[in-house]
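Breakdown of the fold
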Amino acid sequence: GESVGLHLPTLSVQEGDNSIINCAYSNSASDYFIWYKQESGKGPQFIIDIRSNMDKRQGQRVTVLLNKTVKHLSLQIAATQPGDSAVYFCAEKFGNEKLTFGTGTRLTIIP
Amino acid sequence: NAGVMQNPRHLVRRRGQEARLRCSPMKGHSHVYWYRQLPEEGLKFMVYLQKENIIDESGMPKERFSAEFPKEGPSILRIQQVVRGDSAAYFCASSPGQGNDYGYTFGSGTRLTVV
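Residues numbered from 1 in each chain as written. Chains lettered and ligands numbered in written order. Predicted model: local features only at pLDDT ≥ 70, side-chain atom pairs only at ≥ 80, totals over all residues. Heavy atoms only, no water.

**Details of unusual backbone geometry**
For clarity, the threshold we go by: Helix and strand definitions here come from DSSP, where helices need a minimum of 4 consecutive H or I residues and strands a minimum of 2 consecutive E residues; each element is numbered from the N-terminal end. The buried label goes to any residue with under 20% of its type's maximum accessible area, the exposed label to any with over 50%, and the partly exposed label to all in between, with areas taken from a 1.4 Å probe on protein chains only.
Between B:N7 and the following residue, B:P8, the backbone shows a cis peptide bond with an omega angle of -5 degrees. If you trace the backbone, B:P8 turns up in the loop between β1 (5–7) and β2 (10–13). Backbone geometry at A:K71 places phi at a positive 55 degrees, although glycine is not the residue there. Its location among the elements puts A:K71 in the loop between β6 (62–67) and β7 (72–77). A relative accessible area of 27% places A:K71 in the partly exposed class. Phi at A:A79 is positive, roughly 45 degrees, even though this residue is not glycine. Along the polypeptide, A:A79 turns up in the loop between β7 and β8 (86–93).

In structure tokens:
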């Protein structure tokens, strides 16, 4: 669902370590999912997507896992770098309907 | 190939004035979406438009807010008689079409401050 005036969850990770960001999505019928990265003062930037007929997809240093049984999505970032510090949002979509965003998680990479 | 262009980047309005936010989609994209974001919150859907048509306005407040995407020119989000609660970042996104395999490309947003 969507947040209602709550502060973002935060995650701090040592530089070079792996990070995992989790997201619970709301619509069991959603068939397309995206992770976005948003840096301060900027718009959301596409990271990786996954269709509902898959449970895992890998990109460069990033992996998305989808568990439809429990409506859970995760983003794994390997060997984190300072530039990975940002807010990460999951988003879900059903067919031609609009993209719905989750709450977001603020990731801070500790040098 | 320019991305989604939004202007202005920052907009200050006094209470009661009108705010007009502009969005030019990526070249070849015919679908435009507007989202609103409050500090430390997620993006909340407002409206989805195609050229000359509003497809989904379920997230638009019933009063004072309107959106258009004319045949020629950018999409416009208009807020009449602004109030302090309208202060937020407004993001526009575009996509090439319908179908469930399209992510949206976002612009850099317009930050509206109502004083």
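**Considering the state of the cysteines**
In a disulfide, the sulfur atoms of two cysteines are held together by a covalent bond. Threshold: Any two cysteine sulfur atoms lying within 2.5 Å of each other are counted as a disulfide.
Enumeration over the complete set of coordinates arrives at 2 disulfides over all chains. Each sulfur of the disulfide joining A:C23 and A:C90 lies 1.6 Å from the other. In this pair, A:C23 is assigned in strand β2 (residues 19–24) and A:C90 in strand β8, connecting sequence segments 67 residues apart. Neither residue differs from the other here; A:C23 and A:C90 are each classed as buried. Disulfide pairing is shown between B:C23 and B:C92; the S-S distance is 1.8 Å. Across the disulfide from B:C23 to B:C92, rotation about the S-S bond amounts to roughly -55 degrees, and the bridge is consequently left-handed. Taken together, the residues span a long stretch of sequence, with B:C23 in strand β3 (residues 19–24) and B:C92 in strand β9 (residues 88–95) at a distance of 69 residues.

**A short note on the pairing of β9(B)**
Residue and element names in this part refer to chain B. Operational definition: For two strands to be treated as a pair, DSSP must find at least two bridges joining them.
With 8 of 8 residues buried, β9 is to be regarded as a mostly interior element. Where strand β4 (residues 31–37) and β9 come together, 7 bridges link them in antiparallel fashion. The residue bridging Q37 from the neighbouring strand is A89, located in β9. With 3 bridges connecting them, β9 and strand β11 (residues 110–114) associate as antiparallel partners. Looking at the pairing, Y90 lines up with T110 of β11. Where β9 and strand β10 (residues 105–106) come together, 2 bridges link them in antiparallel fashion.

**A word on the sheet that holds strand β8 (residues 75–79) of chain B**
All names here are of chain B. We apply this condition: Each axis is a line fitted through C-alpha atoms, taken for helices only over the stretch in contact, and angles between the N-to-C directions span 0 to 180 degrees.
Ordered by their spatial adjacency, 4 strands build an open sheet running β1-β3-β8-β7, and the pairing between neighbours is antiparallel. Looking at strand neighbours, the two that pair on one side only are β1 and β7 (65–68), the edges of this open sheet. The mean inter-strand angle of the sheet, taken between neighbouring strand axes irrespective of direction, is 15 degrees. One ladder, built from 5 bridges, connects β3 with β8; its direction is antiparallel. Across the sheet, residue C23 finds its bridge partner in β8, namely S75.

**Looking at the packing of aromatic side chains**
Working definition: an aromatic ring pair is given by the centre-to-centre distance plus the angle between the planes. Residues and elements named next belong to chain A. Test applied: Stacked, tilted and edge-to-face pairs are distinguished by plane angle, under 30 degrees for stacked and over 60 for edge-to-face with tilted covering the rest, among Phe, Tyr and Trp rings (Trp via its six-membered ring) whose centres lie within 6.5 Å.
Taken as a whole, this structure holds 11 aromatic pairs over all chains when the rule is applied. Aromatic pair F89 and F101: ring centres 6.2 Å apart, planes at 80 degrees, arrangement edge-to-face. Residue F89 is found in strand β8, and its partner F101 is found in strand β9 (residues 100–101); the two are separated by 12 residues along the sequence. For the pair formed by F89 and F101, the shared burial category is buried.

**Looking at the nonpolar core**
All names here are of chain B. Formally: Put simply, buried Ala, Val, Leu, Ile, Met, Phe, Trp, Tyr and Cys residues joined by side-chain atoms within 4.5 Å make one nonpolar core. It only takes one pair of heavy atoms within 4.5 Å for two residues to be counted as in contact.
Counting 23 residues, the largest nonpolar core has W34, M46, L77 and Y90 as its most contacted members. Elements represented by at least two residues in this core include exactly β3, β4, β5 (43–50), β7, β8, β9 and β11. Dropping the residues within four chain positions of it, M46 is found in contact with W34, Y35, R36, D56, E57, S58, G59, M60, P61, F65, L77 and Y90.

Coordinates in, geometry out; function isn't part of it.
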